[in-house]
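Observations on the model geometry
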2 protein chains.
Amino acid sequence: MHKYTVRYVLAVLLLGWAAASCGRSQVPSVRSADPLPSWADRAPKQRILDFVARVTEEGGADYVPPAERIATFDNDGTLWVEKPLYVQFAFLFHEIDRMAPNHPEWKKTQPFRAALDHDFEAIDRLGLQAGLTLLLTTHTGMTQQEFARLAGEFFAAARHPRYHRLYTELVYQPMLELLDLLRANDFHIFIVSGGTVELIRSFAEDVYGVPPENVVGTSFRYRFEAQPAPGRIWREPKIVSFNDRGEKPANIQLHIGRRPILAVGNSDGDIQMLEFAPRSRPHLALLVHHDDAEREYAYDEGTEKALRQAEKNGWQVVSIREDFRRVFPFEEE
Amino acid sequence: MHKYTVRYVLAVLLLGWAAASCGRSQVPSVRSADPLPSWADRAPKQRILDFVARVTEEGGADYVPPAERIATFDNDGTLWVEKPLYVQFAFLFHEIDRMAPNHPEWKKTQPFRAALDHDFEAIDRLGLQAGLTLLLTTHTGMTQQEFARLAGEFFAAARHPRYHRLYTELVYQPMLELLDLLRANDFHIFIVSGGTVELIRSFAEDVYGVPPENVVGTSFRYRFEAQPAPGRIWREPKIVSFNDRGEKPANIQLHIGRRPILAVGNSDGDIQMLEFAPRSRPHLALLVHHDDAEREYAYDEGTEKALRQAEKNGWQVVSIREDFRRVFPFEEE
């Protein structure tokens, strides 16, 4: 009887375990051992865990059905490093260098000369049109397939000037854990970035586990060319939407069709997205604050208004210095 | 020992069953009892079942990972009835009638007079600009919340002139079964329609189980207004994209970022989407043919080119008369 009981109980336990594992919300759930190990035990971590627990508690007053668990994340400065330069511009300079041999005239004409010098300040001084010209020159006038190839080559080789790592390594470990936690709790995760949509798509699935259809970004006009079969997408030199500030909620409506119950950003360009909460659901807004010059960067420029709004609206400020126990995946634990 | 064996074996069997049920592809799978009961046992049904089996067979030569199992469906004439008038126009006329008391001048000015008469032919004769004016008048110049309310009211009450049923009842039962089969096999289903995106979103989740973020359609310019908090989307009287013909693949690239391995349409406006297959994956294109005047409608107008392309490109023509054992959910089995 002893042997019988042991085996029987073991089988029943295994059955129970198998049945429990069957649910869609698997590891890491809020209820399992710390799903956010790289977050310090401070208010932001507690607020995230409470929020996720609240909206997923069936029968609870704040329960949100899975279909409405929309989470939107800014990319630059929120999911990965945006200094000393947006990666978008690192890619742009890389492309200018690659194309330069066919354009000797660039040495004598602006804004190309500044771009050949990788002089972001000079381009900035030349004005918005200069940046736009460089963007269109490097990102359009080619097929989507060609652009995806160029982006892939860039991310496979280019390195960050300070960390000497691939850009795709410079993602925030705490944010990767947050993405996993949300996925495990049936959230639908979208990246809503000022960066161009296809540049982000070229790494988002590998790096963040976010598929292309869940990336919303700045976009160019696409034109379908039927020949050669099965047709191709031509990238026209025309911006359809510059996905920043008020365009973020506008594009959330266009692409997602629902307001996010969780929104995460880091700059004044994210204010409108962080405000764009559903009217009748619980809502959490997180604002990443870059205050760690030692491990990352410290700057408030371009985030002053967002920091004020955070205080006014009850958004949760996340301090990289104090809330991120570990900043990057490559750091030792 | 007898009792021991029975209980033990039972528990182990249950454990095995629980483990097997744990897979993400549950009912109805291609391997279970007929997942497409409303499809006649003819070539289209067999080709669909073969295709789904092929792309989901792990280790098979044609295996497609779940993330790339993108399926795109046209809406009007593909998922539901589009005669005698696109539902979009039935809604438009409904709105013109609702707004008319505040616009006495409409009785004397075109294209409003024709719209008050619900005279689609007359509007068509007035040209594209006339249709556009009516579209912008009824669909824009309001918040998104207001539009969603109007669309909801329409679909809750308006009835089809021939079937005297709600429009949302006039969906094709075989297509609902196909959507279920694809979902059970981890396909990502998108509606890619010439209809306006928010009109389709207002019923797509309830009727098709397709969430708002998986609906791509004709779109208007959205403008975010921060006040009153938490902000609102204003629908501007400007079309951003008329999602038909070449705009379908262009918008598939913008919104989805991947080519569909399964595409379903019914008219010349769907040709480019049906062509837009991935280069290195198996692919199936289905073209619904309206040839059943008795149960639905019979017409080739606007589909002549698509029918020729189907023959040339090996697309599978689906005959409503011969392939749909049952057309609508409300029909008796």
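How each quantity is defined
- The numbers attached to residues start from 1 for each chain and follow its sequence in the written order.
- For this description, chains carry letters from A and ligands carry numbers from 1, given in the order in which they are written.
- Given that the model is predicted, a residue must reach a pLDDT of at least 70 before its local features are reported, and side-chain atom pairs must reach 80 or more before they are shown or counted; all residues, however, enter totals for whole chains, interfaces and linings.
- Working definition: helices are DSSP H or I runs of at least four residues, strands are E runs of at least two. Numbering for both runs from the N terminus.
- The exposure label follows from counting other C-beta atoms within 10 Å of a residue's C-beta, where the C-beta atoms are placed from the backbone and the thresholds are 20 or more for buried and 12 or fewer for exposed, leaving partly exposed in between.
- Two residues form a contact once the distance between their C-beta atoms, set from the backbone, is within 7 Å.
- Strand pairing requires that DSSP identify at least two bridges connecting the strands.
- The quantity called pLDDT is the predictor's confidence in a given residue, expressed from 0 to 100.
- Crossovers are described as right-handed under a simple rule: with the strands pointing away from the observer, the path leading from the first strand over the helix to the second runs clockwise.
- Domain start and stop positions are those given by an automatic or database domain assignment.
- Geometry is summarised by axes, namely lines fitted to C-alpha atoms with helices restricted to the contacting stretch, and by angles between N-to-C directions that run from 0 to 180 degrees.
- To sort the angles, those under 35 degrees are grouped as roughly parallel, those over 145 as roughly antiparallel, those from 65 to 115 as roughly perpendicular, and the leftovers as oblique.
- Throughout, a crossing is termed right-handed when the near helix is turned clockwise from the far one, and left-handed when it is turned anticlockwise from it by less than a right angle.
- By this rule the span expected of a helix is its residue count minus one, scaled by 1.5 Å.

Some thoughts on the overall build of chain A
When helices and strands are tallied, chain A shows 13 helices and eight strands. Taken over the C-alpha atoms alone, chain A extends approximately 90 × 50 × 40 Å along its principal axes. Burial statistics for chain A: of 333 residues in total, 42% are counted as buried. Put simply, 64% of the contacts in chain A that link residues at least 6 apart link residues at least 24 apart.

Notes on the pairing of strand S5 (residues 232–241) of chain B
All names here are of chain B. Inspection of the sheet shows strand S2 (residues 142–143) paired to S5 by two bridges, in the antiparallel sense. Counterpart to methionine 142 in the pairing with S5 is arginine 235. Note: strand S4 (residues 215–225) against S5, six bridges, orientation antiparallel. Looking at S5, one finds that arginine 223 is bridged to tryptophan 234. Counting the residues in the hairpin turn of S4 and S5 gives six residues, including glycine 231, whose phi is positive at 85°.

Brief notes about the confidence of the model for chain A
Residue and element names in this part refer to chain A. Per-residue confidence for chain A gives a mean pLDDT of 92, with 90% of residues at or over 70. Long-range and interchain partners of residues 1–27, a stretch whose pLDDT sits below 50, account for 32 contacts in this model, where long-range means more than four residues apart. For this predicted complex, the interface confidence comes out at an ipTM of 0.90, alongside a pTM of 0.91.

Considering the pairing of strand S8 (residues 316–319) of chain B
Residues and elements named next belong to chain B. Pairing of strand S7 (residues 284–289) with S8 involves four bridges; the strand directions are parallel. Bridge assignment links leucine 287 to a residue of S8, and that residue is valine 317. In the classification by handedness, the crossover that spans S7, the intervening helix H12 (residues 304–313) and the parallel S8 is right-handed.

Details of the domain arrangement of chain A
Residue and element names in this part refer to chain A. When its domains are assigned, chain A resolves into domain 1 (26–84 + 168–219 + 241–323) and domain 2 (87–157). Its C-alpha centre places domain 1 at a distance of 29 Å from the equivalent point of domain 2. Opposite the eight residues of domain 1 that make contact, domain 2 presents 10 residues. Elements supplying a minimum of two residues to the side of domain 1 that touches domain 2: strand S3 (188–196) and helix H9 (197–208). It is H9 that provides the largest number of residues to the side of domain 1 that touches domain 2, a total of four residues.

Notes on the sheet that holds strand S1 (residues 70–73) of chain B
The strands that make up a sheet are held in pairs by hydrogen bonds between backbone atoms, and each pair lies either parallel or antiparallel. Reading across from one edge, S2-S5-S4-S3-S1-S6-S7-S8 (chain B) is the order of the eight strands in this open sheet, with mixed pairing throughout. In this open sheet, the two edge strands, each paired with only one partner strand, are S2 and S8 of chain B. Here S1 of chain B pairs with strand S3 (residues 188–196) of chain B via four bridges, running parallel. Directly across from phenylalanine 73 of chain B, in S3 of chain B, lies its bridge partner isoleucine 191 of chain B. Along the sheet, helix H10 (residues 247–255) of chain A contacts S4 and S5 of chain B; its crossing angle with S4 of chain B, the most-contacted strand, is approximately 155°.

Observations concerning the sheet that holds strand S6 (residues 262–265) of chain A
Residue and element names in this part refer to chain A. Reading across from one edge, S2-S5-S4-S3-S1-S6-S7-S8 is the order of the eight strands in this open sheet, with mixed pairing throughout. Each edge of the open sheet is held by one strand with a lone partner, namely strand S2 (142–143) and strand S8 (316–319). Along the sheet, H9 contacts S3 and strand S4 (215–225); its crossing angle with S4, the most-contacted strand, is approximately 110°.

Looking at the environment of aspartate 323 of chain B
Residues and elements named next belong to chain B. You can see aspartate 323 is positioned in helix H13 (residues 320–323). Taking the C-alpha atoms as reference points, aspartate 323 and glutamine 227, separated by 96 residues in sequence, lie 53 Å from one another. Once residues lying within four places of it in the same chain are set aside, the contact partners of aspartate 323 are Trp39, Ala40, Arg42, Pro44, Lys45 and Val318.

Remarks on the packing of helix H7 (residues 144–157) of chain B against helix H9 (residues 197–208) of chain B
Residue and element names in this part refer to chain B. Remark: H7 packs on H9, axes separated minimally by 9 Å, with the N-to-C direction vectors making an angle of 55°. Classified by the interaxial angle, the pair formed by H7 and H9 is oblique. Seen from above, H7 lies across H9 with right-handed handedness. Packed against H7, whose contacting residues are Gln144, Phe147, Ala148, Ala151, Gly152 and Phe155, the element H9 presents Glu198, Leu199, Ser202 and Phe203 at the interface.

Concerning the packing of helix H3 (residues 87–99) of chain A against helix H6 (residues 128–139) of chain A
All names here are of chain A. Contact pair H3 / H6: the axes reach a minimum separation of 9 Å and the direction vectors enclose 65°. The crossing of H3 and H6 is left-handed. Residue-level contacts link Leu92, Glu95 and Ile96 of H3 to Leu134, Leu135 and Thr138 of H6.

Comments concerning helix H8 (residues 173–184) of chain A
Residues and elements named next belong to chain A. Between its first and last C-alpha, H8 extends 17 Å over 12 residues, near the 16 Å set by a 1.5 Å rise per residue. Among the residues of H8, Pro174, Met175, Glu177, Leu178, Leu179 and Leu181 are the ones counted as buried. Contacts from the buried residues of H8 go to helix H2 (43–56), S3 and H9. Of the residues flanking the end of H8, it is aspartate 186, one or two places downstream, whose phi is positive at about 60°.

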